[in-house]
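What the coordinates show
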Amino acid sequence: MNFTKHVLGTVCGVMVMTGAAWAQKGETVKIAWIDPLSGPFANIGQNSLKTFQFMAEKVNANNPAGVKFEIVSFDNKASPQESLTVLKAAIDQGIRFVTQGNGSGAAGAIIDAINKHNERNPGKEVVFFNNAAVDPDLTNSKCSFWHFRFDADTSMKMEALTSYMKDEKNIKKVYIIGQNYAHGHQVAKFFKDAIARKRPDVQIVGEDLHPIGQVKDFAPYIAKIKASGADSVVTGNWGTDLSLLIKAAKDAGLDANFYTYYGGANGTPSAIGPTMDGKVKFVYVGHSNIPEVFKRATEYHAKFKDDLSLLTTMHVLPALAGGIAKAKSTDPVKVAFAMEGLTVKSFSGDVTIRAADHQLQQPLYIATWKKLSDPKKQWNAEGTGYTWVQDRVFEPYVSSTPTSCQMKRPGA
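Conventions adopted
- Residues numbered from 1 in each chain as written.
- Predicted model: local features only at pLDDT ≥ 70, side-chain atom pairs only at ≥ 80, totals over all residues.
- Heavy atoms only, no water.
- Buried < 20%, exposed > 50% of the residue type's maximum accessible area, 1.4 Å probe, protein only.
- Helix = DSSP H or I, 4+ residues; strand = E, 2+ residues; numbered from the N terminus.
- Pairing = 2+ DSSP bridges.
- Right-handed = clockwise from strand over helix to strand, strands pointing away.
- Phe/Tyr/Trp six-rings, centres within 6.5 Å; stacked < 30°, edge-to-face > 60°.
- Polar contact = N/O pair within 3.5 Å; in protein donor to acceptor, adjacent residues only side chain to side chain.
- Contact = heavy atoms within 4.5 Å.
- Axes fitted to C-alpha atoms, helices over the stretch in contact; angles between N-to-C directions.
- Parallel < 35°, antiparallel > 145°, perpendicular 65-115°, else oblique.
- Nonpolar A, V, L, I, M, F, W, Y, C, P; charged D, E, K, R; others polar.
- Salt bridge = Lys/Arg side-chain N within 4 Å of Asp/Glu carboxyl O.
- Disulfide = S-S within 2.5 Å.
- Left-handed = near helix turned anticlockwise from the far one by under 90°.
- pLDDT = per-residue confidence, 0-100.

**Concerning the pairing of strand β11 (residues 257–260)**
Of the two faces of β11, the one lined by Asn 257 and Tyr 259 and the one lined by Phe 258 and Thr 260 are each fully buried. Sheet analysis places strand β10 (residues 232–235) next to β11, joined by 4 bridges and oriented parallel. Bridge pairing in β11 places Ser 232 opposite Asn 257. Since β10 and β11 lie parallel, the crossover through helix α7 (residues 240–252) that links them has a hand, and here it is right-handed. Direction of pairing for β11 relative to strand β12 (residues 280–284): parallel, over a ladder of 3 bridges. Residue pairing across strands places Tyr 259 opposite Lys 281, the latter belonging to β12.

**A short note on the packing of aromatic side chains**
Summed over the entire model, instances satisfying the criterion amount to 15 aromatic pairs. Judged by centre distance (5.4 Å) and plane angle (90°), the rings of Phe 54 and Tyr 300 are edge-to-face. Of this pair, Phe 54 sits in helix α1 (residues 42–60) while Tyr 300 sits in helix α9 (residues 291–304), placing them 246 residues apart in sequence. Tyr 300 shares its class with Phe 54; the two are buried. Plain terms: the ring middles of Phe 97 and Phe 129 are 5.9 Å apart, the flat faces sit at 5° to each other, and that makes the pair stacked. One end of the pair, Phe 97, is in strand β5 (residues 97–100); the other, Phe 129, is in strand β6 (residues 127–130), with 32 residues separating them in the sequence. Phe 129 matches Phe 97 in its accessibility class, with the two residues each being buried. An aromatic cluster is present here, built from Phe 282, Tyr 284, Trp 369, Tyr 386 and Trp 388 joined pairwise through their rings.

**Observations regarding the side chain of His 210**
On the secondary structure map, His 210 appears in strand β9 (residues 203–210). Within the structure, His 210 has its side chain in polar contact with the side chain of Asn 237 (distance 2.9 Å). Setting aside residues up to four positions removed in sequence, His 210 forms contacts with Ile 177, Gly 178, Gln 179, Asn 180, Val 215, Phe 218, Tyr 221, Asn 237 and Asp 241.

**Section: the packing of helix α10 (residues 313–327) against helix α11 (residues 332–339)**
Contact geometry for α10 and α11: axes closest at 8 Å, N-to-C directions at 105°. As judged from the angle between their axes, α10 and α11 are roughly perpendicular. Contacts between α10 and α11 involve Ala 319, Leu 320, Gly 323, Ile 324, Lys 326 and Ala 327 from the first element and Lys 334, Val 335, Ala 338 and Met 339 from the second. Residue composition of the contact of α10 with α11, grouped by class: 7 nonpolar, 1 polar and 2 charged.

**Quick word on the pattern of salt bridges**
Under the criterion given, the structure shown has 22 salt bridges. Among the ionic pairs, Lys 157 bridges to Asp 151, the shortest N-O distance being 3.2 Å. With respect to burial, Lys 157 and Asp 151 carry one shared label: buried. Between Glu 299 and Arg 296 there is a salt bridge, with its nearest N and O atoms 3.0 Å apart. Here Glu 299 and its partner Arg 296 are both found in helix α9, 3 residues apart, which amounts to about one turn of the helix. Relative accessible area serves as the criterion here: at 13%, Arg 296 is assigned to the buried category.

**Some remarks on the environment of Pro 200**
If you trace the backbone, Pro 200 turns up in the loop between α5 (182–198) and β9. For Pro 200, a relative accessible area of 66% corresponds to the exposed category. Taking C-alpha positions, Pro 200 is 34 Å from Tyr 386, a pair spaced 186 residues apart along the chain.

**A closer look at the state of the cysteines**
A covalent bond between the sulfur atoms of two cysteines is referred to as a disulfide. Applying the stated criterion across every chain, the model contains 1 disulfide. Through a disulfide, Cys 143 is tied to Cys 405; the S-S separation comes to 2.1 Å. Residues Cys 143 and Cys 405 share a disulfide whose torsion about the S-S bond is about 80°; that sign makes it right-handed. With a gap of 262 residues between them, Cys 143 in the loop between β6 and β7 (147–149) and Cys 405 in the segment after α12 (396–399) connect regions that are remote in the sequence.

**A short note on the packing of α1 against α10**
In a pair of packed helices, the angle between the axes and the distance between the axes together describe the arrangement. Axis separation between α1 and α10 bottoms out at 9 Å; the angle between their running directions is 40°. Considering their axes alone, α1 and α10 lie oblique with respect to each other. For the element pair α1 and α10, the recorded crossing hand is right-handed. For the pair formed by α1 and α10, the contact residues are Thr 51, Phe 52, Met 55, Ala 56 and Val 59 on the first element and Thr 313, Met 314, Val 316, Leu 317, Pro 318 and Ala 321 on the second. For the contact of α1 with α10, the class distribution of residues is 9 nonpolar, 2 polar and no charged.

**Here's the deal with the confidence of the model for the chain**
For the chain, per-residue confidence averages 92 on the pLDDT scale, and residues scoring 70 or more make up 94% of the total. Throughout residues 13–21 the model reports pLDDT below 50, and contacts reaching past four residues in sequence, or to other chains, amount to 33 contacts.

This is the structure in structure tokens:
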């Protein structure tokens, strides 16, 4: 590319090429948002949809690719089967880019369906931007050229979380609890593998998997945890399954620290509340007290009276803008090739889409739930008077895990 004819610019922190009158200028690029707007995880889906709409507005204000993003929502009710129905509806409407995140089962179904569609319909390809489904298989044994993941997968987060936990000498007995589907199984597996390597003295005193989105009262599970003598609980639960687990722990007076993946997700901070001060931690791609995130969270709250919690959206749309600008086209095949190896300037520094498996390589953060001490610089999480205080940040080389992906690319 001739850099003398174009100017390097940024949009929402992404460095892209600007200043060219490209063929796609003026186009509207529709993105099918597929996630739950009804059912037990509706609050997570509604927050995600608003976040994507918010980020589309921000990127559209200065989109270097010369296009406008439009988010078109489809309710999949958190069901893999319903995801396939609405995916077909989106494709029938001519939408060529798709995003989803709530549930690896739904993500896997979408990947399989897109693989088949693209093979059967050359010239009408669809690309999938996974914003939160973290089953490692999706970028390993089930990897696809048409799939890009912007959240860190379960194994990456567990590498960071256990790298933190190995130095916490007060951790002696751990109980694992999770949802009975791919993600819950993976959290348990990767925790046991990693802690055995890093802290072989830690005793796993119990393990439970429960039906996803169906348990209304976690008191029986908490009773087992309490009886086990666990000082720490590791869980990949999200949405109401985490909120209700935390509520039951509070009600029972469980004296244990919770190591979570999704403590910061919509609705959970309110459930944690003041009685869990210092007892809940999460591992995630960021937190609201990072200056750039704090700024966006402030703008988001002013617009929606809600907390900005799905931080992966701050990578998805800017990266797509960068891919379109680099490809000088909105053709999904060209855009997908352009996004391989793309580096994005993020709120957490430079993050890169690994070409081998399309997994974003990014820093991961460990943060603890604590009482707000500086309201001007710390985010008041869901108006609770509490916030997430950063404990550690792990650069990509620490949390990155190898891939077994054998990717088949178009034309290969």
